Structures are given as C-alpha cells and as structure tokens.
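In case you want the letters, here they are:
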Amino acid sequence: MRLPLALPLLLAAGCGRASPPSPPDPRVHTIVLPDLAPPELPDAPGRAMLYAACSTCHTPRYVLDQPPLPAHVWAAEVDKMHDVYHAPFPEEMSAPIVAYLVAVRGAGD
Amino acid sequence: MQNRVRRRDFLAGVGVAALTSRCNDRGVPTSDAGPATGAWPEKSPALVLHAERPPNLEMPLQYLGHDLTPNELMFVRWHLAGIPLKVDLHTFRLTVAGHVQRPLSLSLDEVQKLEPVSLVAVNQCSGNSRALFSPRVPGVQWGGGALANAKWTGVRLRTLLERVGVRPGARSVTLRGLDKPPIEGPPPFVKSLDVERALDPDVLVAWAMNDRPLPMLNGFPLRLIVPGWYSTYWVKALTEMTVLDAPFDGFWMAKAYRVPRAEGADEAPDRLAAETVPISRMNVRSLVVQPEAGARVARGAPYPMQGIAFDGGSGIARVEVSVDGGVSWRDAQLDPDLGKYSFRRWRLAWTPTEPGPKTIAVRATSVAGEVQRPTPQWNRGGYMRNAYERTPVVVS
C-alpha cells in the first residue's frame, strides 16, 4: 500500500498548535521512533497469555528474534523475566507460556 | 528465512508509521513518512531490525567495507525501553561524585571546553555473532553486524577524575546513562570500571562520532568510550558517574555480561563454568567483507578479496587468508594503520583456477601475539566469538 506523497504532509499539517510552531530550539534534541505495530506471533495455545505477560517491558518481537531453544532454556528465560526482572505476571502463567514458547520456538531438550 | 520475516514486519511497520501523523513535544510535525527512509531517526533504513522496543538494530556486513562506519549505519543497542527521546541541553548535566574531594556537575558546553582528544576505536557488542553459536543461546540474535569503527572525540575520563580528586581507597567508578526501565522491576543499566581502567588515558567521555554529534540512538550527548573493551561499557547518554570505595556489584556487572574465566571464554552446555568474570577486553577477530557469502567469483581473473581485523588494543600484526577451507594460508596485505584500537583492513588478490564451491577462511594475529581460534568457543551468554570465519563462494 503506497500513499500519495501529499498525504503524509496533509496528515502532518493536522497536528500541533493553532499558531505556527516556533523554530525548534537547537539545544533541545528530540527524536520520534517509528510506531511499528507489534509483531504477529504464531498462533498456538498460550499466545494470548504471552502477549499479556511479555509486552510490558519490551516488544514481544524479542521472542521472534530467538532461535529454537530447548524447553529447559525457555523455562529459565521465563523464570528470569519473573524472578529477576520482576515481570508482573502470576506464577501460574509460567507453564502455559513456556508451553507456547516450546511450541513455536522449541528445539527438543 | 527468519531474516526475511523480520524485514517484512519491518517494512509493514514503516507503512504504519507513514500513516500516523505525529508531532514532537514542541508541536513540530515530524514526518518519517515514505519509504523506510528516516524511520529510525538519524539512522539508515539499511539497518536490520531485531527489536523496536527497545531499539536493537544491526548493520548488514557489507558496510564493514567502510574503514570508519558512517554514523547512520552504526548498530543500535539498548537494554531498557525507557530510552532518552529528548535531551534538553539547558538542563543536561554530567555528574561525577562519590568517593571524591570535589563533586562535579557539568553541562555539555562545560565538558566540551575541556581538552579534546580523538582516537579511532572499534565498537563491538559482547554478543556480536551470537546467532552463530552452536548450540544456540538466547539473547539478541546478532549476525556479525553489532560491530563498527569510528573516530571518537571527547575528554579523557582521567581528566574528569583528576578534577574531582579521587580519594584514597577508591576502587570503582559506576556509569549510568539517561535510559530507564520502562516499569519498576528490571535493574537500571549501570556499569562500572575499576579505577585503574577508568584512569587509562585512552578512556574518553565522547561528544563526537566521526566529527559529528552522536545520533540520539547511539548515545547523544555523551558516550563513554572504552577502547579495546566490548561496548557493554560504552554507556550511552552518560549522565552520572559515582566513585566507590568498593567494587560495584550491580546486576549488569555481577549477574549479566559475565564470561567463563577459562581461556577463550569457553564452557560446555553440560558442564557450565563454576567461575565467571565480567566480560572485558575484546579478543582478536577478522572478517571477510568481499566476496560476500554465496557470491559467484569468476575463474581466471584476479578477485580483490578484502576484509577487516581488530583486537583489544595491541593492533593487528598479521592476517592470513585461505581459499581451501583452512588447509593452506597466504599472508594478506594490510592497509595503513588507523590506530591500535581501529579496524585494520586486509587485502589479497585471488585468481581461482578451478570451478566449484570454495571456502574462504581468514585468521588474524595481534601485535600481542594472540591468534584467532580455529574452532568456535561456546558459552551460555553467546559472548566473544572469535573463531576463523568461513565464507562459502562458488567459482564459475
């Protein structure tokens, strides 16, 4: 899907203030990050739980970036998120999330 | 395969970015619209996406053809999603405090009034080439492109430490940037250097990369440069340093970025090393840049092979190249030396005589006498890979 060139400009013009923006202060540096949609993770039981538990601190794309890993490695990863990084998901969610990770990125054991 | 999926996601994402109109916090429209260009501020669309939150972007290997990596192409690595999106130089301060006589708080202008020093140094992530580990290990799956070389300009950390007057008994200096955990839980990214290392005159607090301000995603306005050491110590958007009278035992030193004490950082999956140490100096490494893996090379004509070599700060003494998978080796020519912490480019002409698949291998020897390993090491973190890299090509 390609936008006609003028459209982003039109959209951009719609933001901000009523008065024309003052020239940017060169001593204030700002960046805007691209607003990438969250990645589509493969469908398997536990996916909704993973989205819920694993999207707060970082993109769930961290999961897609991983190679196939043995179940004990995935279990250790999920434990690390919970115990070391204090991911706020209930302990009971660990097993189904590990099962999902093994289903989509597992490598035997 | 995985790569292609990532790229497609990436491009799809850029499409979304083009549709959303956004303003920065002063109401100025920021148009990242259009093709991938400009999607990552101040960065090239050629970078490969590992993650968008926090941004982790890799440089394709072909760009190792630059002796000094253009700022737009330098890889991007953040740990915690609360990265600085705004730096106000009216209020930004670099502080040095703790076990010192006279704590210091400096604006960027004040830092830049101190005597500047420049040097060229390789910036390589500890986990560069993690994706080549076998068996595979978790972590950002860098190919080989968490690697760059640049000219850095800044003030010696030593000069700052002399100004504050480090008190007797000082052991370590903690380093903290503007980045923050996105929620309470993960430990803030704080690193440390022993005082002796911090006093090395080549350790810089840099405000320029290749004579330009650092891109925000590479640590504007100030970044610590620890030449010869992996970039985990090169703290970005450096704002707070504290001198301690004890070793620092924060998470990112005591639990993460640790390697087996053994030679070559080697351990086995079923016999993990009992003793680990914080990762530090880079080991010697070399890569083939041309030809690229899978390339077709013409029989009977000289092909200009070239690539890079570097180590942890002694410099490169010798690079040898094999076109028969490591059976016989020839010495490559080395380009002029850009400094002992820099990439050293090697070149060798090869005139293939028979058609068929060939494997190019390359190995470097440092001035200190360290040679690359013929077989890869393994460790649970996926750190410090420095085996000979092999590049398959087809002669036709």
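Let us look at the structure shown here.

Conventions used here
Residues numbered from 1 in each chain as written. Chains lettered and ligands numbered in written order. Predicted model: local features only at pLDDT ≥ 70, side-chain atom pairs only at ≥ 80, totals over all residues. Heavy atoms only, no water. Helix = DSSP H or I, 4+ residues; strand = E, 2+ residues; numbered from the N terminus. Rg over C-alpha atoms; globule rule 2.2 N^0.38 Å. Buried < 20%, exposed > 50% of the residue type's maximum accessible area, 1.4 Å probe, protein only. Contact = heavy atoms within 4.5 Å. Areas by Shrake-Rupley, 256 points an atom, 1.4 Å probe, with all protein chains shown as cover. Lys, Arg positive; Asp, Glu negative; His and termini not counted. Charge placed at Lys NZ, Arg CZ, Asp CG, Glu CD. Pairing = 2+ DSSP bridges. Core = buried A, V, L, I, M, F, W, Y, C linked by side-chain atoms within 4.5 Å. Domains from an automatic or database assignment. Axes fitted to C-alpha atoms, helices over the stretch in contact; angles between N-to-C directions. Parallel < 35°, antiparallel > 145°, perpendicular 65-115°, else oblique. Left-handed = near helix turned anticlockwise from the far one by under 90°.

Some remarks on the overall build of chain B
Check the secondary structure of chain B and you find five helices and 25 strands. In terms of overall dimensions, chain B is globule-like: its C-alpha atoms have a radius of gyration of 22 Å, near the 21 Å expected for 396 residues. Counting all 396 residues of chain B, 55% fall into the buried class. Across chain B, every contact between residues at least 6 apart in sequence was considered, and the portion connecting residues at least 24 apart equals 71%. For chain B, the accessible surface area stands at approximately 15,700 Å², while carbon and sulfur atoms represent 53% of it. On chain B, the mean spot of the 48 positive side-chain charges and the mean spot of the 38 negative ones are 3 Å from each other.

Re the sheet that holds strand 20 (residues 316–322) of chain B
Residue and element names in this part refer to chain B. The strand order across the open sheet built from five strands is 18-25-24-20-21, with neighbouring strands paired in mixed fashion. Strands with a single pairing partner mark the edges of an open sheet, and in this sheet they are strand 18 (296–297) and strand 21 (330–331). Relative to strand 24 (residues 356–366), strand 20 is paired through six bridges, and the arrangement is antiparallel. Within strand 24, the residue paired with Ser322 across the bridge is Ala361.

Topic: the nonpolar core
Generally speaking, soluble globular proteins have nonpolar side chains that are buried together. Among the nonpolar cores identified, the biggest contains 93 residues, and B:Trp152, B:Leu160, B:Leu193, B:Val205, B:Leu224 and B:Met241 are the most heavily contacted of them. Each of domain 1 (8–256) and domain 2 (285–395) of chain B contributes no fewer than three residues to this core. In contact with B:Leu193, other than residues within four places in its own chain, are B:Arg171, B:Ser172, B:Val173, B:Leu175, B:Ala198, B:Val203, B:Leu224, B:Val226, B:Trp229 and B:Tyr233. Counting 19 residues, the second largest nonpolar core, distinct from the first, contains A:Cys54, A:Val73, A:Phe89 and A:Val98.

Quick word on the packing of helix 4 (residues 71–84) of chain A against helix 5 (residues 94–105) of chain A
Angle between the axes and distance between the axes: these two values describe a pair of packed helices. Residues and elements named next belong to chain A. Running from N to C, helix 4 and helix 5 cross one another at 135°; their axes reach a closest spacing of 9 Å. Relative to helix 5, helix 4 is oriented oblique. Crossing handedness for the pair helix 4 and helix 5: right-handed. Residues Ala71, Trp74, Ala75 and Val78 of helix 4 lie in contact with helix 5, whose contacting residues are Ser94, Ile97, Val98, Leu101, Val102 and Arg105.

Side note on the pairing of strand 17 (residues 285–290) of chain B
Residues and elements named next belong to chain B. Where burial is concerned, most of strand 17 is hidden: five out of the six residues are buried. Relative to strand 19 (residues 303–310), strand 17 runs antiparallel, the two being bridged by five bridges. Its bridge partner lying in strand 19, Val288 is registered against Gly307.

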